[in-house]
Amino acid sequence: MWHVEILDAKTKDKLCFLDKVRTFFFSSFIYNKFYVDVNPQWYPARQSIRLDPKGKSLKDEDVLQHLPVGTTATFYFRDLGAQISWVTVFLTEYTGPLVIYLMFYFRVPFIYAPKYDFTTSKHWVVHLACMCHSFHYVKRLLETLFVHRFSHGTMPLRNIFKNCTYYWGFAAWMAYYINHPLYTPPIYGEQQIRLALIIFLFCQIGNFSIHIALRNLRPPGSKTRKIPYPTKNPFTWIFLLVSCPNYTYELGSWLGFTVMTQCLPVAFFTLVGFIQMTVWAKGKHRSYLKEFRDYPPLRSPILPFIL
Amino acid sequence: AKLSRTQHSKIPFNKDISCFNGNIMWLVIAVGLVRAYLARGSYHGLYYSIEKPLNVCPLCHIPGIVPSSVVLTGFQVMSRVFLTWAVTHSVREVRWTVCYYFVTAWTVTEIIRYSFYTFSLLNHLPYLIKWARYTFFIVLYPMGVTGELLTIYAALPYVQKTGLYSVTLPNKYNFSFDYYTFLILIMISYIPLFPQLYFHMIRQRKKVLGHVEDYSKVE
């Protein structure tokens, strides 16, 4: 049996003292006790309790017995701020572009000159672009609901404002030009559009295959982490060369969309997304290398052999 | 990156020189302005005498060498470069009227600031310079900002008339840019940004100059 004391990580004030804690309990016991005894505002998702003021948080599934502490354990608490669930954030940030793009496509009043209200574009590529864009975001929404398995339940609340501004803002900016009455279709016409559509669809299927493969790595309800490997699905063979092929395929999809619409704002969106995904891919790649000794050396974070 | 006091003495000499050079540039501008004004007896044409050093000066800012927040300095540098190149240089009509407010404000501010950095690096900072750096801004910042805003505002009609730096539809990249609207958005962005910079300096002032007042109370 243990004594547990919890100090504030910044001020080192004693916040909580738990007596007679059994060593085989999980850390989640501490999180819940803290929530009930200390401050009901600090629900468990908002707490970060760690052994070192600047260290990593204890996970819910950590067993107290296996932690490097004596009979009186000292932990440090940090308030992570208001939290919001990943699912909520994803659903909100993806529904926005879907709706916003359609508003521009149907030329809802006050966007373009009044004589164009509720008209449709005469270029068939504009209809195709709308279908592709909408398909992309419907796919993302369905994946959020049925495919993804999240390791962290929540993220800081301010992220929803940041993320929605990004997705909704760019969606509006792109949609404005593609659905504009003065839109100019691609220079190389049908050839260009067809090639772009093939790239787009190929990468959408690829991206979905990777999401399924990643889901299957992790049994339902668990938070295990394993190295992803190619499966029978040819779209997953890219795992031989890349750590985060979902981002690779995502980049491919948006490159396809850029070529299809020949629209500079779409190119900007693709570029910014690529930069962000590269940052994420490099981080993921680094943590794979740190966690697994036998991680395949041939893999690059996002672009085979390049990046 | 912020440099500690001990690290200052290990900085190689060429950084002191570049700070010193920055100072010289602004002194050159100041002297040039004064001389030209005395010679011509009026504001007109003053711009041409300082155009070259003025356009180069904002590019002389040396990030990372001096202990200053990268974000704040970044904003300052960006606004300076923007004002000189994208507004004053590009729109001839504003060159010999309102732009002098911000030029004067910048000049005085920068001379003091560079002296501050130079003397800090040499570990020989006279209290007067420190006091000046953290006090003059109280007047110079609003003056500079007012000048900048007036300059942009003065440039607006000409930008609208000539369609400067603007791209219209239709075009093969399906892109458009309205410099006039962009300038208005820049002006609006001063509303959240300027108070943050200003109050940051006021807080710095309390921190830096406040210590001396505490010492004098102790005695």
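What you see is a predicted model; the values in this text were computed from it and never measured.

**Student:** When you look at the interface of chain A and chain B in this model, what are you seeing that I'm missing?
**Tutor:** When the parts of a complex come together, some accessible area is lost, and that lost area is often taken as the interface size. Taken together, the contact pairs 13 residues of chain A with eight residues of chain B. The junction of chain A with chain B conceals about 900 Å² of combined surface from both sides, 62% of it contributed by carbon and sulfur atoms. Counting across the interface, chain A meets chain B through zero salt bridges. Summed over the shared surface of chain A and chain B, the result is six residue pairs in polar contact (both at pLDDT 80 or more). At the level of elements, α4 (158-178) and α7 (264-291) of chain A are the ones that each hand at least two residues to the side of chain A that touches chain B. Here the element with the most residues in the side of chain A that touches chain B is α7(A); it accounts for three residues.

**Student:** I would appreciate a short explanation of the packing of aromatic side chains in the present structure.
**Tutor:** Two aromatic rings, taken as a pair, are described by how far apart their centres are and by the angle between their planes. All names here are of chain B. Following the criterion strictly, the structure yields 43 aromatic pairs over all chains and no others. Judged by centre distance (5.8 Å) and plane angle (75°), the rings of F137 and Y141 are edge-to-face. In this pair, F137 and Y141 both sit in helix α7 (residues 137-162), four residues apart, roughly one turn of the helix. Among the residues examined, F137 registers a relative accessible area of 2% and is labelled buried.

**Student:** So what exactly am I meant to see when it comes to the pattern of salt bridges here?
**Tutor:** Under the criterion given, the structure shown has seven salt bridges over all chains. The partner of A:K14 in a salt bridge is A:E5, with the nearest N and O atoms 3.5 Å apart.

**Student:** What's the story with the UniProt feature "transmembrane region" (unreviewed entry) in chain A in this structure? I'm lost.
**Tutor:** Taking the numbering used here, the UniProt-annotated feature "transmembrane region" (unreviewed entry) corresponds to residues 84-106, 165-183, 195-214, 234-249 and 255-280 of chain A. Secondary structure over residues 234-249 of chain A splits into 31% helix and 0% strand, and the C-alpha atoms at its two ends are 13 Å apart.

**Student:** Which parts of the structure should I look at to understand a nonpolar patch on the surface?
**Tutor:** Residues and elements named next belong to chain A. On the surface, a nonpolar cluster with roughly 440 Å² of combined accessible area is contributed by V87, V138, L142, L145 and F146. No other element matches helix α3 (residues 124-146), which puts four residues into the nonpolar patch. Within the element layout of this structure, V87 appears in helix α2 (residues 86-105). The class of V87 is partly exposed, set by a relative accessible area of 31%.

**Student:** Would you mind going over the pairing of strand β2 (residues 14-21) of chain A with me for this structure?
**Tutor:** Residue and element names in this part refer to chain A. Relative to β2, strand β1 (residues 2-8) runs antiparallel, the two sharing five bridges. Bridge pairing in β2 links V4 to L18. Between the end of β1 and the start of β2, which pair antiparallel, lie five residues, with K12 showing a positive phi angle near 60°.

**Student:** Explain the domain arrangement of chain A here, please?
**Tutor:** In terms of domain boundaries, chain A breaks down into domain 1 (2-81) and domain 2 (84-286). Measuring from the centre of the C-alpha atoms in domain 1 of chain A to the corresponding centre in domain 2 of chain A gives 40 Å.

**Student:** I keep staring at the packing of α2(A) against α3(A) and nothing clicks. Help me out?
**Tutor:** Each pair of packed helices gets described by two things: the angle between the helix axes and the distance between those axes. Residue and element names in this part refer to chain A. Relative to each other, α2 and α3 sit at 165°, their axes nearing to 9 Å. Taken together, the axes of α2 and α3 lie roughly antiparallel to each other. In this structure, α2 meets α3 at a crossing whose hand is left-handed. From α2, V87, F90, L91, Y94, T95, P97, L98, Y101, L102 and Y105 reach across to α3, where they touch V126, H127, A129, C130, H133, S134, Y137, V138, R140, L141, T144 and L145.

**Student:** Please explain α4(A) as it appears in this structure.
**Tutor:** Residue pairs spaced three or four apart in an α-helix point in one direction, given the helix's 3.6 residues per turn. Residue and element names in this part refer to chain A. Under the 1.5 Å per step criterion, the end-to-end length of α4 is 31 Å for 21 residues, consistent within 8% with the ideal 30 Å. Burial in α4 covers these residues: N159, I160, N163, C164, Y167, F170, A171, M174, A175, Y177 and I178. Tucked inside the fold, the buried residues of α4 contact β5 (83-85), α2, α3, β6 (154-156), α6 (245-261) and α7.

**Student:** In this structure, what is going on with the UniProt feature "transmembrane region" (unreviewed entry) in chain B? I would like to understand it.
**Tutor:** Residue and element names in this part refer to chain B. UniProt marks residues 20-38, 100-122, 134-159 and 179-199 with the feature "transmembrane region" (unreviewed entry), using the numbering shown here. What you have in residues 134-159 is 96% helix and 0% strand, and the ends, taken at the C-alpha atoms, are 37 Å apart. Secondary structure content for residues 179-199 is 100% helix and 0% strand, while the C-alpha to C-alpha distance between its ends is 30 Å.

**Student:** Which parts of the structure should I look at to understand the confidence of the model for chain B?
**Tutor:** All names here are of chain B. When the pLDDT values of chain B are averaged, the result is 71; 58% of them are 70 or greater. Here helix α1 (residues 5-8) stands out as the element of chain B with the lowest mean pLDDT, 43, in contrast to α7, whose mean of 86 is the highest. Contacts for the low-pLDDT stretch residues 1-13, under 50 throughout, to residues beyond four places or in other chains number 17 contacts. Per-residue pLDDT stays below 50 along residues 40-44; that stretch engages in seven contacts with residues further than four places along the chain or on separate chains. Complex prediction metrics read pTM 0.77 and ipTM 0.76.

**Student:** What's the story with the side chain of A:N179 in this structure? I'm lost.
**Tutor:** All names here are of chain A. Summarising the element assignment, N179 is placed in the loop between α4 and α5 (189-216). When its relative accessible area of 1% is taken as the criterion, N179 is described as buried. A polar contact is formed between the side chain of N179 and the backbone oxygen of A175, at a distance of 3.0 Å. Those residues in contact with N179, other than ones at most four positions away along the chain, are Y101, F104, Y105, R107, Y112 and V126.

**Student:** What is the right way to read the packing of α3(A) against α6(A) from this model?
**Tutor:** Residue and element names in this part refer to chain A. Interhelical geometry of α3 versus α6 gives an angle of 160° and a closest axis separation of 10 Å. The orientation of α3 relative to α6 falls into the category roughly antiparallel. Where α3 crosses over α6, the two elements pack in a sense that is left-handed. Two secondary-structure elements touch here, α3 through V125, L128, A129, C132, H133, H136, Y137 and R140 and α6 through E250, W254, F257, M260 and T261.

**Student:** Before we go on, may I ask you to explain a positive patch on the surface in this structure?
**Tutor:** Taken together, the side chains of A:K56, A:K59, A:K282, A:R286 and A:K290 present a region of like positive charge at the surface. Tracing the backbone through its elements, the reader meets A:K56 in the loop between β3 (47-50) and β4 (72-79).

**Student:** Sorry, what's going on with the sheet that holds β3(A) here?
**Tutor:** Two pairing modes exist for strands in a sheet, parallel and antiparallel, and in both the strands are linked by backbone hydrogen bonds. Residues and elements named next belong to chain A. The strand order across the open sheet built from four strands is β2-β1-β4-β3, with neighbouring strands paired in mixed fashion. The sheet terminates laterally at β2 and β3, the two strands that pair on one side only. Recorded for the sheet is a direction-independent mean angle of 25° between the axes of neighbouring strands. Of the strand pairs in this sheet, β3 and β4 are connected by four bridges, and their pairing is antiparallel. Bridge assignment links Q47 to a residue of β4, and that residue is D79. Relative to the sheet, helix α1 (residues 27-37) contacts β1, β2, β3 and β4, its axis offset from that of β3 by approximately 125°.

Conventions adopted
- Residues numbered from 1 in each chain as written.
- Chains lettered and ligands numbered in written order.
- Predicted model: local features only at pLDDT ≥ 70, side-chain atom pairs only at ≥ 80, totals over all residues.
- Heavy atoms only, no water.
- Contact = heavy atoms within 4.5 Å.
- Buried area = accessible area lost by both parts, 1.4 Å probe.
- Salt bridge = Lys/Arg side-chain N within 4 Å of Asp/Glu carboxyl O.
- Polar contact = N/O pair within 3.5 Å; in protein donor to acceptor, adjacent residues only side chain to side chain.
- Helix = DSSP H or I, 4+ residues; strand = E, 2+ residues; numbered from the N terminus.
- Phe/Tyr/Trp six-rings, centres within 6.5 Å; stacked < 30°, edge-to-face > 60°.
- Buried < 20%, exposed > 50% of the residue type's maximum accessible area, 1.4 Å probe, protein only.
- UniProt positions renumbered as here; feature names shortened; annotations may be inferred.
- Patch = residues over 30% accessible without salt bridge, like charges linked within 9 Å, V, L, I, M, F, W, Y side chains within 5 Å.
- Areas by Shrake-Rupley, 256 points an atom, 1.4 Å probe, with all protein chains shown as cover.
- Pairing = 2+ DSSP bridges.
- Domains from an automatic or database assignment.
- Axes fitted to C-alpha atoms, helices over the stretch in contact; angles between N-to-C directions.
- Parallel < 35°, antiparallel > 145°, perpendicular 65-115°, else oblique.
- Left-handed = near helix turned anticlockwise from the far one by under 90°.
- Expected span 1.5 Å × (residues − 1).
- pLDDT = per-residue confidence, 0-100.
- Lys, Arg positive; Asp, Glu negative; His and termini not counted.
- Charge placed at Lys NZ, Arg CZ, Asp CG, Glu CD.

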